Amino acid sequence: MKVLFCTDGSRISYDALLNFVYWVKGCVVDVLCVADWTFLPDTVSVEGSNFAMKCANSVDSILEYSEHFFDENNITLGKKIKMCGTPVDTILDVEEENYYDFLVMGSNGKKGFQKWLGSVSQELATVAKTSTYVSKGLRKNNNKILFTLDASDLSKDVVSESLKKLNLEGKEITLLTVYEMPDYLFLEGNVDGNWIVEVEKKQKNEALHVLQYYEKMFNDRGLEITYKSALKGNPAKVIIDYSDKNDIDLVISGIRTKKYYSRFFISSVSKRVLENVNSDVLIVKP
C-alpha cells in the first residue's frame, strides 16, 4: 500500500501520520513538502534570492526531520519529495504522476511558511482522486470508527474499499445513516397527520434496511458491528453531533471526485463534516 504524506513541518501533520498508521496493516509512505512563495506579488523575483534559499533550506530540514521521525516510529519511508509552487496544485501534480492509496495530512499548520496546511487539507479532501485522511490532532485511543452510510452506490464503494485497505479488527465499529423528512410547509391546506407519520415510518424502515445490508458486509468479513443507528435530521449536523457526543476517533465518508475547476463551489455533507467534526476524517474516493 502506498501513501503520500504531506507535511509543512507542523506537529499536527506528524500526529496525523501516527493516527493514520494505526488504521492500516502496513504501508510505504512518500513524504512531500512544498516550498510555497506564490503569495508574493508577481513583481517580486525570488529565484536565486536569500529568501528562496531560506525556503529551500526549511524544506530540507523538514524532510530530514521526517526521515528521523519515520525511523523512530517504525514507519517505512519511500521517497522524499521537495517541490516549489502552490501547495494544492503541487500535491495534485504529484498524485497524478504516481499511484497512491491514501493522502495523509493534518488539518492546520503554523504561521508563516507553515501556514498553508489547514485550508489545503480540506480542499484536497474534496478534489483529489485519492482517498484522503485528515487529522485534527494526536488521538489517545484510535479505536472508535464511524461509517456514515446511505443507499447509494458510493456508500457501497466506501465500505468495500475500507474493508479491503483498513485494519478494522478489534475496533469499535458504528454504522450511521441519516434520513431527512420532506418539508411540507410548501403544501397548501392541512396535511393529513397520519400520512406524515406513515412517510416517516417508511423512511426509517428504509434506513434500517440500509444498516442491515452493510452490517452483513462486515459480518461476512468476520467483523462485528458495535452500534448501528438510523437517525432523523440534517445529515451533516447529525453526523457531527453524533461523532462529538460519542468521542468517535475516525469518521469515514465518501465523496464523488469533483472537477478541478469547480473546487471552490463544492458543498456536500462530507465537506461540512470534515470542516466541523472534532474527530479525524477519512474521505474515501470510489
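Source: prediction; values computed, not measured.

Analysis parameters
- Residues numbered from 1 in each chain as written.
- Predicted model: local features only at pLDDT ≥ 70, side-chain atom pairs only at ≥ 80, totals over all residues.
- Heavy atoms only, no water.
- Core = buried A, V, L, I, M, F, W, Y, C linked by side-chain atoms within 4.5 Å.
- Buried < 20%, exposed > 50% of the residue type's maximum accessible area, 1.4 Å probe, protein only.
- Helix = DSSP H or I, 4+ residues; strand = E, 2+ residues; numbered from the N terminus.
- Contact = heavy atoms within 4.5 Å.
- Pairing = 2+ DSSP bridges.
- Axes fitted to C-alpha atoms, helices over the stretch in contact; angles between N-to-C directions.
- Left-handed = near helix turned anticlockwise from the far one by under 90°.
- Nonpolar A, V, L, I, M, F, W, Y, C, P; charged D, E, K, R; others polar.
- Phe/Tyr/Trp six-rings, centres within 6.5 Å; stacked < 30°, edge-to-face > 60°.
- Lys NZ or Arg CZ within 6 Å of the ring centre and 35° of its normal.

Re the nonpolar core
Consideration 1: Ranked by internal contacts, the top residues of the largest apolar core, which has 47 residues, are Phe 147, Leu 168, Ile 173, Leu 175, Phe 218 and Ile 252.
Consideration 2: The element that contributes the greatest number of residues to this core is helix α6 (residues 193-220), accounting for 6 residues.
Consideration 3: Every residue in contact with Ile 252, bar those within four places of it in the chain, is listed here: Ile 145, Leu 146, Phe 147, Thr 148, Val 158, Ser 162, Leu 166, Leu 282 and Val 284.

Let's talk about the sheet that holds strand β5 (residues 131-135)
Consideration 1: Within the open sheet, the 10 strands sit side by side as β3-β2-β1-β4-β5-β10-β9-β6-β7-β8. Their pairing is mixed. Each of the sheet's edge strands pairs with one partner strand only, and the pair in question is β3 (76-84) and β8 (227-232). Each neighbouring strand pair of the sheet contributes to a mean axis angle of 20°, computed without reference to strand direction.
Consideration 2: Relative to strand β9 (residues 250-254), helix α8 (residues 269-276) is tilted by about 160°, and along the sheet it contacts β5, β9 and β10 (280-284).

Description of the packing of helix α7 (residues 235-245) against α8
Consideration 1: Across the interface, α7 lies against α8 with an axial gap of 9 Å and an inter-helix angle of 35°. For the pair α7 and α8, the sense of crossing is right-handed. Where α7 abuts α8, its residues Pro 235, Ala 236, Ile 239 and Ile 240 lie against Val 269, Arg 272, Val 273 and Asn 276.
Consideration 2: For the contact of α7 with α8, a count of residues per class yields 6 nonpolar, 1 polar and 1 charged.

Let's talk about the packing of aromatic side chains
Consideration 1: Across all of its chains, the model carries 10 aromatic pairs by this definition.
Consideration 2: Taking the centre distance of 6.1 Å and the plane angle of 35° together, the rings of Tyr 65 and Phe 69 count as tilted. Taken together, the positions of Tyr 65 and Phe 69, both in helix α2 (residues 50-72) and 4 residues apart, correspond to about one turn of that helix.
Consideration 3: Of the residues examined, Tyr 65 reaches a relative accessible area of 37% and is grouped as partly exposed.
Consideration 4: On the basis of relative accessibility, which here comes to 4%, the residue Phe 69 falls in the buried class.
Consideration 5: Geometry around Phe 102 places Lys 165 over its ring, the cationic atom sitting 5.9 Å from the centre.

Any functional reading would require information that these geometric values do not contain.
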